[in-house]
Amino acid sequence: APTASVSFSVTSSDTTEGTVSASTLSYSSDNWSTAQTVTVYGVDDTLSDDNQAFSVTLGSVTSSDANYAGKNPEDVSVTNIDNETASITVSALSDNTTEAGDNATFTVVLDNQPTSDVSIAVSSSDTSEATISPSSLTFSNSNYSSAQTVTVYGVDDFYDDDNVSYTISVDPSSSITSYNTMTSSTLTGYTIDNDTATISVGAKSGNTAEFPNTTATINVTLATIPTANVSIVVTDNDSTEVSVSPTTLTITPSTWNTTNRVT
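One structure accompanies this document, and this report is about it. (Residues numbered from 1 in each chain as written. Predicted model: local features only at pLDDT ≥ 70, side-chain atom pairs only at ≥ 80, totals over all residues. Heavy atoms only, no water.)

1. Section: the packing of aromatic side chains
Each aromatic ring pair is described using two quantities: the centre-to-centre distance and the angle formed by the ring planes. According to the stated counting rule, one finds 2 aromatic pairs in the structure shown. Seen from their ring centres, Phe158 and Trp256 are 5.9 Å apart, and the 35° between their planes marks the pair as tilted. Here Trp256 lies in the loop between β21 (248–251) and β22 (260–262) and Phe158 lies in the loop between β15 (148–154) and β16 (164–174), a separation of 98 residues in the sequence. (Phe/Tyr/Trp six-rings, centres within 6.5 Å; stacked < 30°, edge-to-face > 60°. Helix = DSSP H or I, 4+ residues; strand = E, 2+ residues; numbered from the N terminus.)

So this is what it looks like as structure tokens:
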């Protein structure tokens with residue numbers, strides 16, 4: 001029991017995260033053994049800022065009782081649990097991309113205001129089919145609610161490979177733990193093929209003649225890149241009138257657009 005009244009202040013170290021019900025606690029020789037309760041209220045701040053630690057600070061004692069005067073009770077540590085979920089909204093792709101030059105877009109926006117910048121990396125799983133721009137987005141606590149647009153470009157590959165799917169990954173990172181540990185968002189798109197495997201045979205250069213010995217030529221090309229060597233057998237329907245050379249054309253993936261001549 002004190003010989004005189006004892007009082008000390010009660011304050012929050014961060015009133016944006018928590019407030020206290022009493023600013024001062026006072027004890028006398030009559031109530032010194034009765035515990036006094038301080039209620040700590042969490043503050044809802046609309047920010048996606050993770051769980052925030054703060055303290056309830058108990059100030060130095062003011063009293064004319066020399067045994068108590070100047071003593072400093074221990075502060076109380078508190079954590080304010082965040083109720084804003086770190087999340088982003090990624091729209092659907094506006095359309096499929098094509099090898100003929102048709103692009104697609106999608107948008108990204110944060111659902112809650114962050115306390116520090118959130119960077120979002122955007123990547124394509126197959127850059128031979130689709131590329132993206134920009135490859136990185138940055139949201140701050142001032143522009144977090146403004147959707148940013150990413151463009152997806154189809155790549156013309158000269159292969160007859162049908163329509164090919166790809167995945168766009170949207171991966172956030174930040175000093176805010178809840179954003180840094182989010183699972184990447186993904187979009188699936190298709191690049192519509194514009195290539196058809198065909199063999200182009202040009203018109204012959206002219207007629208042949210028995211005398212003087214006159215030859216004619218025919219040019220053969222491929223319309224698309226083959227995935228393996230292509231052999232083309234060349235024959236005539238009357239070897240008593242004409243012969244051909246070469247009798248086999250072999251076209252490789254590296255020579256697909258080189259003219260092959262038959263005489």
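The rest of the description comes next.
2. Focus on the environment of Asn96
Note that Asn96 resides in the loop between β8 (88–90) and β9 (97–98). Taking the C-alpha atoms as reference points, Asn96 and Asn180, 84 residues apart in sequence, are found 30 Å from one another. Asn96 has contacts with Asp102, Asn103, Ala104, Gly189, Tyr190 and Ile192, leaving out every residue within four places of it along the chain. A distance of 3.4 Å separates the side chain of Asn96 from the backbone nitrogen of Tyr190, its partner in a polar contact. (Contact = heavy atoms within 4.5 Å. Polar contact = N/O pair within 3.5 Å; in protein donor to acceptor, adjacent residues only side chain to side chain.)

3. A few points about unusual backbone geometry
In this model, Ser133 is joined to Pro134 through a cis peptide bond whose omega is -5°. As for its placement among the helices and strands, Pro134 is situated in the loop between β13 (130–133) and β14 (136–139). Positive phi, normally seen in glycine, also occurs at Phe158, with a value near 65°. For Phe158, a relative accessible area of 39% puts it in the partly exposed group. The backbone of Asp162 shows a phi angle near 60°, a positive value even though the residue is not glycine. (Buried < 20%, exposed > 50% of the residue type's maximum accessible area, 1.4 Å probe, protein only.)

4. Description of the layout of surface pockets
Its boundaries defined by the atoms lining it, the largest pocket holds a volume of some 520 Å³. Along the walls of the largest pocket sit 28 residues, with Thr208, Val242, Ser243, Val244 and Thr263 positioned nearest its centre. Every element with two or more residues in the lining of the largest pocket is listed here: β18 (199–201) and β19 (218–222). Size it by volume and the second largest pocket reaches roughly 160 Å³. Lining the second largest pocket are 13 residues; nearest its centre among them are Asp160, Ala197, Thr224, Ile225 and Pro226. For the lining of the second largest pocket, the class distribution of residues is 8 nonpolar, 3 polar and 2 charged. (1 Å grid on protein atoms, 1.4 Å probe; cavity = no way out; pocket = protein on both sides within 12 Å on 5 of 7 lines; lining within 4 Å. Points joined across faces, edges and corners; volume = space filled by probe spheres on them. Nonpolar A, V, L, I, M, F, W, Y, C, P; charged D, E, K, R; others polar.)

5. Some words on the sheet that holds β15
By way of backbone hydrogen bonds, the strands of a sheet pair with one another, either parallel or antiparallel. The 4 strands are arranged β8-β10-β15-β13 in an open sheet whose pairing can be described as antiparallel. Of all the strands in the sheet, the pair left with one neighbour each is β8 and β13. Across the sheet, the mean angle separating the axes of adjacent strands is 20° when strand polarity is ignored. Inspection of the sheet shows β8 paired to strand β10 (residues 104–110) by 3 bridges, in the antiparallel sense. Residue pairing across strands places Val90 opposite Val108, the latter belonging to β10. (Pairing = 2+ DSSP bridges. Axes fitted to C-alpha atoms, helices over the stretch in contact; angles between N-to-C directions.)

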